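# Notes for the structure review
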Amino acid sequence: MNEAAVIEASRKWVEDVVVGYNLCPFAKRELVRNRVRFVVSEATTEDDLLQALHSELQRLDDEPDVETTVLIHPGVLQDFDAYNEFLDAADGLLAYLEMEGVYQVASFHPDYQFEGTGPDSAENYTNRSPYPMLHLLREASLEAAIESYPDVDGIPQRNIELMENLGADKMRDILTKCLKNSGNAGE
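These remarks concern the structure in this document. Position labels on residues start from 1 in each chain and follow its written sequence. Given that the model is predicted, a residue must reach a pLDDT of at least 70 before its local features are reported, and side-chain atom pairs must reach 80 or more before they are shown or counted; all residues, however, enter totals for whole chains, interfaces and linings. Side-chain numbers come from the whole structure's heavy atoms, not from hydrogens or water.

Right, let's talk about the overall build of the protein for a bit. When its secondary structure is counted, the protein shows seven helices and four strands. Against the globule reference of 16 Å for 187 residues, the protein gives a C-alpha radius of gyration of 16 Å, in line with a compact fold. Viewed in the frame of its principal axes, the protein has a C-alpha envelope of about 40 × 40 × 35 Å. Out of the 187 residues in the protein, the part that is buried amounts to 47%. Any two residues whose heavy atoms approach within 4.5 Å are treated as being in contact. In the protein, the share of contacts with a sequence separation of at least 24, taken over all contacts with a separation of at least 6, comes to 75%. Looking at the protein as shown, the accessible area adds up to about 9800 Å², and 45% of this sits on carbon and sulfur atoms. Helix numbering and strand numbering both begin at the N terminus, where a helix is a DSSP run of H or I of at least 4 residues and a strand a DSSP run of E of at least 2. In this description the radius of gyration comes from C-alpha coordinates, and the expected globular size is given by 2.2 Å times residues to the power 0.38. Burial classification: accessible surface area is computed with a 1.4 Å probe over protein chains only, and a residue below 20% of its type maximum counts as buried, one above 50% as exposed, and the rest as partly exposed. Method for areas: the Shrake-Rupley scheme with a 1.4 Å probe, in which residue coverage is limited to the protein chains shown.

What follows is the structure, encoded as structure tokens:
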């Protein structure tokens, strides 16, 4: 695994998809300010990934200049169902560390599938990324951003409509290009 290429593909996805299509209206500011930490975990087991998650949460506590962390983990949880189950363990870690309400974990995966949708549904691409990843967010920052945004409740529906208009084929092509441009095609 080429760590730099994994970060490059993930960053390109954030720039082109998340920011480019304004899926998260709060992402651009922190990306431009270079306050998003992209880190690749070498984890090959769920326990290793929990340890990496713990380390990154501690780093956020220790380094207030880092607004958010994208923890990319290409070596573990390639299966979406296993990944989805792991999210309970991630939330459990937050509770154990008494960090609930301080941080939250957003989820992105190459095979992300919302409940009640088909695997080829375009709306799944709001959360489909080049690699499995956990996005660690500061709750206070998120709450402040939500307060200043005029229609936060409309974001999910707007994103679904956008993905449906763009289509699953186009979004699949964009993800493929993110991987190819980083030199990780087919990984």
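What follows continues from the structure just given.
Definition used in this section: a nonpolar core is a set of buried Ala, Val, Leu, Ile, Met, Phe, Trp, Tyr and Cys residues joined via side-chain atoms within 4.5 Å. Membership of the largest hydrophobic core comes to 33 residues, with the highest contact counts inside it found for Trp-13, Val-14, Phe-38 and Ile-72. The biggest single contributor to this core is helix α1 (residues 3-19), with seven residues. Ignoring any residue separated from it by four or fewer positions in sequence, one finds Trp-13 in contact with Val-18, Phe-108, Arg-128, Ser-129, Pro-130, Met-133, Leu-175 and Cys-178. The next biggest cluster of nonpolar side chains, apart from the first, holds 24 residues, and it includes Leu-77, Phe-86, Ala-90 and Val-105.

Any two strands between which DSSP finds at least two bridges are classified as paired. What the four strands build is an open sheet, ordered β1-β2-β4-β3; its pairing is mixed. Both edges of this open sheet fall to β1 (36-40) and β3 (103-108), since each of them pairs with a single strand only. The average undirected angle you get between the axes of adjacent strands in this sheet is 20°. Pairing of β3 with strand β4 (residues 133-138), which is carried by six bridges, proceeds in the antiparallel orientation. Following the sheet pairing, Phe-108 is matched in β4 by Met-133. Helix axes use the C-alpha atoms of the stretch in contact, all axes being lines fitted to C-alpha atoms, and the angles between their N-to-C directions lie in the range 0 to 180 degrees.

Defined by distance alone, a disulfide is two cysteine sulfur atoms within 2.5 Å. In this structure the tally under the stated criterion is zero disulfides. Its sulfur unpaired, Cys-178 is 17 Å from the next cysteine sulfur, which belongs to Cys-24.

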